[in-house]
Amino acid sequence: RTEWLISTLLKIARLESGTVQFAEESVSVKTLMKDILEPLEILMDIKDVQLSCNISDSVCFIGDQLWSAEAISNRLKNCIEHCEADGNLEITSSENPIYTEIVISDTGKGFHEKDIPHLFDRFYRGSNAVKESAGIGLNLSRMIISKQNGTITAANKQNGGAQFTIRFYNGDI
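Here goes a summary of the coordinates provided. The residue numbers shown here count from 1 along each chain, following its written sequence. Local features are withheld for residues below a pLDDT of 70 in this predicted model, meaning they are given only at 70 or higher, and side-chain atom pairs are given and counted only at 80 or more; totals for whole chains, interfaces and linings count all residues. By convention in this description, side-chain values take in all heavy atoms of the structure and omit both hydrogens and water.

### Examining the pattern of salt bridges
Then, number 1: In the sections that follow, a salt bridge refers to a side-chain nitrogen of Lys or Arg positioned within 4 Å of a carboxyl oxygen of Asp or Glu. Evaluation of the coordinates by the stated rule reveals five salt bridges.
Then, number 2: Among the ionic pairs, E101 bridges to R167, the shortest N-O distance being 2.7 Å. One end of the pair, E101, is in strand β5 (residues 99-106); the other, R167, is in strand β7 (residues 162-169), and 66 residues separate them in sequence.
Then, number 3: For every residue, the accessible area obtained with a 1.4 Å probe (protein chains only) is divided by the maximum for its type, and the residue is called buried under 20%, exposed over 50%, and partly exposed between those limits. Taking relative accessible area as the criterion, E101 reaches 15% and is therefore assigned buried. Only DSSP runs of H or I reaching four residues or more are called helices, and only runs of E reaching two or more are called strands; each is numbered from the N terminus.

### Describing a negative patch on the surface
Then, number 1: Patch membership requires more than 30% relative accessible area and the absence of a salt bridge. Residues of like charge join within 9 Å; the nonpolar side chains Val, Leu, Ile, Met, Phe, Trp and Tyr join within 5 Å. Using a 1.4 Å probe, the Shrake-Rupley method yields the accessible areas, and only the shown protein chains count as cover for residues. Neither His nor the chain ends contribute to the count of charged residues, in which Lys and Arg are positive and Asp and Glu negative. For this purpose, a charge sits on NZ of Lys, CZ of Arg, CG of Asp or CD of Glu. On the surface, a cluster of negative charge is made up of D35, E38, E41, D45, D48 and D86.
Then, number 2: The topology assignment puts D86 in the loop between α4 (65-82) and β4 (88-95).

### Things to note about the layout of surface pockets
Then, number 1: With a 1 Å grid laid over protein atoms only, a set of points is called a cavity when a 1.4 Å probe fits there but cannot get out and a pocket when it is open yet has protein on both sides within 12 Å along at least five of seven lines; lining residues have an atom within 4 Å of a point. Grid points are joined across faces, edges and corners, and a volume is the space filled by probe spheres set on the points. Roughly 240 Å³ of volume is contained in the second largest pocket.
Then, number 2: Together, V20, Q21, F22, A23, E24, I62, G63, K147, Q148, N149, Y169 and N170 line the second largest pocket.
Then, number 3: Gly is placed with the polar residues, together with every amino acid not listed as nonpolar (Ala, Val, Leu, Ile, Met, Phe, Trp, Tyr, Cys and Pro) or charged (Asp, Glu, Lys and Arg). Here the lining of the second largest pocket is composed, by residue class, of five nonpolar, five polar and two charged.

### Let's talk about the environment of G18
Then, number 1: One can find G18 in the loop between α1 (2-17) and β1 (25-28).
Then, number 2: Accessibility expressed as a relative area gives 46% for G18, which makes it partly exposed.

### What about the packing of aromatic side chains?
Then, number 1: For Phe, Tyr and Trp, rings pair up if their centres lie within 6.5 Å, where Trp contributes its six-membered ring, and each pair is then called stacked (planes under 30 degrees apart), edge-to-face (over 60) or tilted (otherwise). Evaluated as defined, the whole model comprises four aromatic pairs.
Then, number 2: Taken together, a centroid distance of 3.9 Å and an interplanar angle of 5 degrees make the contact between F61 and F168 stacked. Highlighted residues: F61 in strand β3 (residues 60-63) and F168 in strand β7, separated in sequence by 107 residues.
Then, number 3: Residues Y99 and Y169 carry aromatic rings whose centres are separated by 5.4 Å and whose planes lie at 65 degrees to one another, so their mutual orientation is edge-to-face. Here the residue Y99 occupies a position in strand β5, and Y169 occupies one in strand β7, the gap between them amounting to 70 residues.
Then, number 4: With relative accessibility at 17%, the residue Y99 sits in the buried group.
Then, number 5: Distance and angle both matter: a charge sits over a ring if NZ of Lys or CZ of Arg is within 6 Å of the ring centre and within 35 degrees of the ring normal. In this arrangement the basic side chain of R75 is found over the ring face of F164, its NZ or CZ atom lying 5.2 Å from the centre.

What follows is the structure in structure tokens.
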């Protein structure tokens with residue numbers, strides 16, 4: 001746990017200092033999700049979380065495969081952890097001329113409304129945070145995505161659960 005915290009804080013420091021060089025390559029969202037989800041299959045099985053993916057083979061964005069995996073795997077792991085047994089994790093993706101969008105949603109408790117404006121603040125722990133949370137995962141995800149001309153937002157779904165919307169823009173935002 002301590003090693004993960006130190007590693008994550010070092011990644012944040014590197015991102016803030018501008019020493020990270022992001023690749024600018026075509027990233028297949030389907031391939032990216034396959035790579036991210038493979039190590040999470042055991043956790044999904046233990047938690048009895050069902051996965052629903054609706055991602056076309058053609059959906060891509062320009063970015064860095066490894067750093068994007070870092071940002072998105074963190075979101076998926078958190079969603080799985082916040083699902084109750086027999087929960088659902090849903091991933092959809094689409095693209096248009098302006099951006100590529102990835103939506104990750106779960107059937108967990110969602111967020112308290114007062115937490116939503118602060119979820120991406122470093123060291124902020126929301127009301128539903130797990131005891132072990134350091135409050136840096138969402139901050140790191142946002143930094144990685146924004147360095148690749150993207151945005152990430154968090155909201156509650158109407159019927160309960162959390163939803164993250166990630167957009168990688170094709171031009172300046």
